[in-house]
Amino acid sequence: MTREVKSVAVLGGGTMGLGIAAASADAGANVLLLDVTLAAAEASFERMKNIRPPAFEDPASADRITLGGFDTDLAKISDYDWICEAIVEDVTVKRELFEKLEPLRRDGSVISTNTSGIPLKDITEGMPIRLRKDIVVTHFFNPVKIMRLMELIPGEDTTKDVTDALADFCANKLGKGVVYAKDTVNFIGNRIGCFFMLSGLHKARAAVQSGMSMEQVDALLSKPVGLPPTGLYGLIDLIGLDIMDLVGKNLEANLPASDVGRGFTSFPPEEQAMLDRKQLGRKTKGGFYRLNIAEDGTKTKEIFDLKTEDWRVAEKFALDAVHQNSEDVFFSDDAEGKLVWDIMGGTLLYAADLVPQISDDVVNIDRAMRWGFGWGKGPFELLDQLNPSKVIAKLEAAGQELPAMLKTLKESGAESFYRNEGTEYLALDGSWVAVPAE
Ligand SMILES: NC(=O)c1ccc[n+]([C@@H]2O[C@H](COP(=O)([O-])OP(=O)(O)OC[C@H]3O[C@@H](n4cnc5c(N)ncnc54)[C@H](O)[C@@H]3O)[C@@H](O)[C@H]2O)c1
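Draft legend 1. Geometry of the overall build of the chain. Across its full length, the chain holds 19 helices and 14 strands. In terms of overall dimensions, the chain is globule-like: its C-alpha atoms have a radius of gyration of 23 Å, near the 22 Å expected for 438 residues. Counting across all 438 residues of the chain, residues that qualify as buried make up 44%. Within the chain, residue pairs in contact and separated by at least 24 positions form 66% of the contacts whose partners lie at least 6 positions apart.

Listed below in structure tokens is the structure:
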């Protein structure tokens, strides 16, 4: 059976729901937006029309959206192809809604849940087989209109026509970069991205306590390694320490017992103290950085120095040539090189050990990190730039075990994860496979 999505019922008009509803209406789909009550849906619709950055490409798309409440209008979902749930992150509340909607939706419709961290199997456990066949996770990123990445996660019983229909709509109508992930904690982007951030806080701590400035840490963990200019501390300011704390707790509950990330699910003491006094990041106008505006209007960027646990003026840090270059800085035998190898190198090795656990191949991991976290290159593309045999030699010299994909590379005699100008990638079994179109 081939299925096609032409209309969308979005359940929940919060941050994600309103973004998905607006993007779908822009794509020409008729959209039903339901929230707890009609009044809540109307409030969401007003927000959708006024939010910054704008949720709509074309404000006239708003005409394609019909509103309603779960209490009075849930049966209307029978007219829609894609039932897209985007309500609160609570497994009991999500399950209750699915139980109510399952008898109301028509045969052939597809369902998705937008969860950041609840395993799909926990949401669908004991549900009717029709629902289990027709459901996936659609993991969009906020703001929906701007962020390219959308992770698509089928469940154990999901049929391919369902995944294909949603991949087609999200890629070709919404313009998303669809990445296929597995039903594992935090999927791909957040699993690797949060490892970078949480392990980064712990690993950078020693360097900062022994005199490296936080500005230098952020300078090293940005352009030289192909990451956005926010580096480590600036990135966490954007996300918020409160969100990172929730992520850490979810990782603690759901990471496999042997996962390296288990060592980094809670904060170092200085960051824990920041969380406790609600110094969370940009949302509280101060986390690791803040903008101090004097009475005369002069703006000064300040940094919360983790060594002194006090604010001071932030300085622009100029890296020298060796530390600006990826190929050099990862292998440089000084404090800067050690920090980069420890934090960014550690993240690359973590990613290289997660095939096939979180993704069947390197391509989906690379795309998730480029499209969702703004990395210039995905982990395997970056390893290729560094030269995998150099990385293997460094690990072997230190007596460290090779992560899964580096082992595959070594055993198959390959020299890189991609070849033929990036048109083929190295699969887990050592064979070469054509890279699917983006
Ligand atoms: N915000 C993000 O950056 C982000 C990113 C990816 C995934 N998600 C996930 O998407 C989902 C929605 O997140 P959000 O940020 O849009 O949340 P939100 O808090 O902005 O909106 C939640 C929605 O759920 C509705 N709701 C509240 N209580 C309810 C109940 N008891 N029954 C039914 N509906 C109820 C609200 O009216 C609202 O429409 C969550 O599962 C979240 O984890 C969020």
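Draft legend 2. Fine view of the sheet that holds strand β7 (residues 149-154). Pairing in this open sheet of 8 strands is mixed, and the strands run β3-β2-β1-β4-β5-β6-β7-β8 from one edge to the other. Edge positions in the open sheet fall to β3 (65-69) and β8 (177-180), since each of these has one partner strand only. Sheet twist, expressed as the average angle between the axes of neighbouring strands with direction ignored, equals 25°. Judged from the 4 bridges that link them, strand β4 (residues 82-85) and strand β5 (residues 110-113) form a sheet pairing that is parallel. Note on β5: the bridge partner recorded for W82 is V110.

Draft legend 3. Summary view of the sheet that holds strand β9 (residues 289-293). Spatially, 3 strands are ordered β9-β10-β11 in an open sheet, and the strand pairing comes out antiparallel. Edge positions in the sheet fall to β9 and β11 (310-313), since each of these pairs with one other strand and no more. In this sheet, neighbouring strand axes are inclined to one another by 40° on average, regardless of whether the strands run parallel or antiparallel. For strand β10 (residues 299-305) and β11, the ladder comprises 4 bridges, and the chain directions are antiparallel. Counterpart to I303 in the pairing with β11 is R312.

Draft legend 4. Looking closely at the pairing of strand β2 (residues 30-35). Of all 6 residues that make up β2, 5 are buried, and the element is covered over most of its length. Strand direction decides the pairing type here: strand β1 (residues 7-11) and β2, joined by 5 bridges, are parallel. Paired with S7 across the bridge in β2 is N30. Following the backbone out of β1, through helix α1 (residues 15-26) and into the adjacent parallel β2, one traces a crossover that is right-handed. In terms of strand pairing, β2 meets β3 through 5 bridges, oriented parallel. Looking across to β3, one finds that V31 is bridged to I65.

Draft legend 5. Just unusual backbone geometry, in detail. With an omega dihedral of -5°, the bond running from N142 to P143 counts as a cis peptide bond. Relative to the elements of secondary structure, P143 occurs in the loop between β6 (135-140) and β7. One non-glycine residue, F187, adopts positive backbone phi at about 55°. Overall, F187 belongs to the buried group, with 24 C-beta atoms counted inside 10 Å. We note that K285 has phi near 55°; this positive angle belongs to a residue other than glycine.

Draft legend 6. Fine view of the packing of helix α11 (residues 241-254) against helix α12 (residues 269-276). Packing of α11 against α12 leaves a shortest axis separation of 10 Å and a crossing angle of 115°. Considering only the axes of α11 and α12, their crossing is left-handed. Here α11 contributes L241, D242 and D245 to the contact with α12, which in turn contributes E271, M274 and L275. Here the contact of α11 with α12 is built from residues that sort into 3 nonpolar, no polar and 3 charged.

Draft legend 7. Looking closely at the domain arrangement of the chain. Under the domain assignment, the chain is made up of domain 1 (7-180) and domain 2 (189-322). Each of domain 1 and domain 2 has a C-alpha centre, and these two points are 33 Å apart.

Draft legend 8. Local environment of the environment of T2. Topologically, T2 is positioned in the segment before β1. When the C-alpha atoms of T2 and A165 are compared, they prove to be 7.6 Å apart, with 163 residues separating the residues in sequence.

Draft legend 9. Molecular detail of the nonpolar core. Residues A9, V10, A21, L33, L166 and V217 are the most contacted members of the largest nonpolar core, which totals 130 residues. Shared between two domains, this core takes at least three residues from each, and those domains are domain 1 (7-180) and domain 2 (189-322). Ignoring sequence-local partners within four residues, the contact set of A21 consists of V10, G13, V31, L33, M48 and I65.

Draft legend 10. Quick look at the packing of helix α18 (residues 388-397) against helix α19 (residues 404-412). In contact at an axis separation of 11 Å, α18 and α19 are set at 110° when each is read in the N-to-C sense. The orientation of α18 relative to α19 falls into the category roughly perpendicular. The two elements α18 and α19 cross, and the hand of that crossing is left-handed. Note on element contacts: α19 touches α18 through L406, L409 and K410, opposite P388, V391 and I392. Class assignment for the residues of the contact of α18 with α19 results in 5 nonpolar, no polar and 1 charged.

Draft legend 11. Highlighting the site of the ligand. The local shell around the ligand holds 22 residues, among which G14, M16, I87, E89 and N142 are the closest. Only α1, α4 (91-101) and β6 provide two or more residues apiece to the shell around the ligand. Residue contributions to the shell around the ligand peak at 3 residues, all from α1. Tallied by class, residues from the shell around the ligand come to 10 nonpolar, 10 polar and 2 charged.

So, how was this worked out
Residues numbered from 1 in each chain as written. Predicted model: local features only at pLDDT ≥ 70, side-chain atom pairs only at ≥ 80, totals over all residues. Helix = DSSP H or I, 4+ residues; strand = E, 2+ residues; numbered from the N terminus. Rg over C-alpha atoms; globule rule 2.2 N^0.38 Å. Buried ≥ 20, exposed ≤ 12 C-beta atoms within 10 Å, placed from the backbone. Contact = placed C-beta atoms within 7 Å. Pairing = 2+ DSSP bridges. Axes fitted to C-alpha atoms, helices over the stretch in contact; angles between N-to-C directions. Right-handed = clockwise from strand over helix to strand, strands pointing away. Left-handed = near helix turned anticlockwise from the far one by under 90°. Nonpolar A, V, L, I, M, F, W, Y, C, P; charged D, E, K, R; others polar. Domains from an automatic or database assignment. Core = buried A, V, L, I, M, F, W, Y, C linked by C-beta atoms within 7 Å. Parallel < 35°, antiparallel > 145°, perpendicular 65-115°, else oblique. Near = placed C-beta within 6 Å.

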